[in-house]
Amino acid sequence: MNKHPITPVILCGGSGTRLWPLSRKSYPKQFTKLIGNDSLFQQSASRFTSPAFAAPVVVTNSDFRFTATQQLSDIGIDPGAVLIEPEARNTAPALLAAALKVIEDDPDTLILAAPSDHFIKDTDTFLASVERAVPCALNGQIVTFGILPTHPETGYGYLELGDETADGCTALHRFVEKPDLKTAQDMLATDRFLWNAGIFLYKASTLVDAFSKHAPDMLGLVATAVSAAQHDLGFLRLDPTAWAACEDISIDFAIMEKASNLAVIKHEGDWSDLGGWDAIQKQMPTDDDGVSTHGPSLAVDCANTLLRSENDDVQIVGLGLSDIVAIAMPDAVLVADRSRVADLGVVVKEMRKHKVRQADTFPRDYRPWGYFETLTLRDRFQVKRIVVKPGASLSLQSHVHRSEHWIVVAGTARVTVSDDVRLVSENQSIYVPLGAKHRLENPGHVPMELIEVQTGSYLGEDDIVRYEDEYARG
């Protein structure tokens, strides 16, 4: 493909709402197993594991940093740099920061910039498209990948093709924003338009030069954010002051719609951004009546319907439904007309207005040491299930407003309460008084699971005073 490996840059800091209730701000769609046994993020990283690629550069935020590295570790991938965005600033600053980091080693390094939440089943065809794009990128072009349309889609942006270039690419005539149905139908009939996949190949120096020409203020700010970045465990935290001053803007608006050195590679394989429940259903098995089911779900006399349960203990049954999407989670259920699922973003905003916890908070809260989930929450008490990974440790901490009772149900815990350190085995329990310094560890080789009962006047997650923490959380 190229004498030097291509560096993938994977963006995974977004938090979409169009797949609510499965995708939420606290655990968005790129980290969930929507299609297949791996998350979309894991599938994206796995595409780039051949010798043609270097270790991926990951750009994410502080909340997802441990999730991203753990998911890569679970599939045997050791990332290169992991850049932490202090706050969301869209794709332009994120991709520029990655390019400035990559350029430190070699300005001519090719970068393949890819979102982490797209679905590509045929990896070989996609990599063949990337290989066709290499000569153009080496010649100083910014190459974008266009998808051959299969229908007049109104949810995607489009690329209008120009003339073919000498190195096998096609010049980009213009970007087209998401069209109405009539415009999409007209474009589809011309064979000059492709869906915009938002995937790019370019030399690191080419992108930096483009920012120098079209967005010099952002270049200065992001360069400062990278040069003043702080190393934190295995992460690189970009400087928050310089980063906050960056414009919140996409790479398309900041650079791509202004640059003249753009080229397009037509990718004729499969691709989907899985932007909504209709897109998910297209990737699922469907019966002759247009019905798709997932998990413990049963459809009786239904048509053109998606039934999906994400909990083994929640059975969903559809009877006589037509054109319905029904998604069941442990803490929330969506029932929607198929024609209205595109409005889920509006629905989530409305839930936020009413302070509905399920709008943003996932029932399972992932932490670097494992996860916990709330089994019940009432006034003055809460019951949680806590799972700690082998060798992992929670911080040494105390609480101002609550005490805790721990009952180990699987594995063995090493528990510190004040000056007392002891092993607590399955079916044993221990009490943590209000205000006592305490720590929970898993010294074993299998996950340790316990039930925690909290009692007190305030049970929020911010009632934690940390004294020691191997994950450097404040």
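Residues numbered from 1 in each chain as written. Predicted model: local features only at pLDDT ≥ 70, side-chain atom pairs only at ≥ 80, totals over all residues. Heavy atoms only, no water.

S.K.: An account of the environment of A228 is requested, with residue identities and associated values reported.
M.R.: On the secondary structure map, A228 appears in the loop between α7 (216-227) and β9 (230-232). Considered as a pair, A228 and D273 are 45 residues apart in the sequence and their alpha carbons are 34 Å apart. (Helix = DSSP H or I, 4+ residues; strand = E, 2+ residues; numbered from the N terminus.)

S.K.: Run through the domain arrangement of the protein chain, naming residues and quoting values.
M.R.: Per the domain assignment, the segments of the protein chain are domain 1 (7-267), domain 2 (286-354) and domain 3 (364-468). On a C-alpha basis, the centroid separation for the pair domain 2 and domain 3 is 35 Å. (Domains from an automatic or database assignment.)

S.K.: I'd like to hear about the side chain of T7, residue by residue, with values.
M.R.: Along the chain, T7 turns up in strand β1 (residues 7-11). Relative accessible area serves as the criterion here: at 8%, T7 is assigned to the buried category. Those residues in contact with T7 that sit more than four places away from it in its chain are A54, A55, V57, V102, T109, L110, I111 and L112. (Buried < 20%, exposed > 50% of the residue type's maximum accessible area, 1.4 Å probe, protein only. Contact = heavy atoms within 4.5 Å.)

S.K.: Account for the nonpolar core, with residues named and values stated.
M.R.: Across soluble globular proteins, nonpolar side chains show a tendency to be buried alongside one another. L112, L201, W277 and L440 are the most contacted members of the largest nonpolar core, which has 89 residues in total. Broken down by element, the residue count for this core peaks at seven residues, all from helix α4 (residues 123-138). In contact with L201, other than residues within four places in its own chain, are I6, L110, I111, L112, V130, A133, V134, A137, Q141, I142, V143 and F145. V9, A94, F175 and F211 belong to the second largest nonpolar core, which has 49 residues in total. (Core = buried A, V, L, I, M, F, W, Y, C linked by side-chain atoms within 4.5 Å.)

S.K.: So what's going on with the pattern of salt bridges? Which residues, and what values?
M.R.: Throughout the structure, instances matching the rule amount to 25 salt bridges. A salt bridge links E350 to K353, with the shortest nitrogen-to-oxygen separation between them at 3.9 Å. Of this pair, E350 and K353 both sit in helix α11 (residues 344-353), separated by three residues, roughly a single helical turn. Note on E350: relative accessible area 39%, which makes it partly exposed. Put simply, R364, E373, R385 and E449 are held in one network by salt bridges that share partners. (Salt bridge = Lys/Arg side-chain N within 4 Å of Asp/Glu carboxyl O.)

S.K.: I'd like to hear about the packing of aromatic side chains, residue by residue, with values.
M.R.: For the structure on display, the rule yields 13 aromatic pairs. Ring geometry for F31 and F41: centres 5.6 Å apart, planes at 70°, overall edge-to-face. Taken as a pair, F31 in the loop between β1 and α1 (40-46) and F41 in helix α1 lie far apart in primary sequence, 10 residues in all. In this pair, the class of F31 matches that of F41, namely buried. Pairwise contacts between aromatic rings join Y27, F31, F41, F64, F362, Y366 and Y371 into one cluster. Looking at R364, its charged tip hangs above the ring of Y371, at a distance of 3.9 Å from the centre. A cation sits over an aromatic face here: K437 above Y467, 4.3 Å from the ring centre. (Phe/Tyr/Trp six-rings, centres within 6.5 Å; stacked < 30°, edge-to-face > 60°. Lys NZ or Arg CZ within 6 Å of the ring centre and 35° of its normal.)

S.K.: Can you tell me about the UniProt feature "domain: Mannose-6-phosphate isomerase type II C-terminal" (unreviewed entry) in the protein chain, naming the residues and giving the values?
M.R.: The feature "domain: Mannose-6-phosphate isomerase type II C-terminal" (unreviewed entry), as given by UniProt, occupies residues 362-469 in the numbering adopted here. Along residues 362-469 the backbone is 0% helical and 59% strand, and the end-to-end C-alpha distance reaches 24 Å. (UniProt positions renumbered as here; feature names shortened; annotations may be inferred.)

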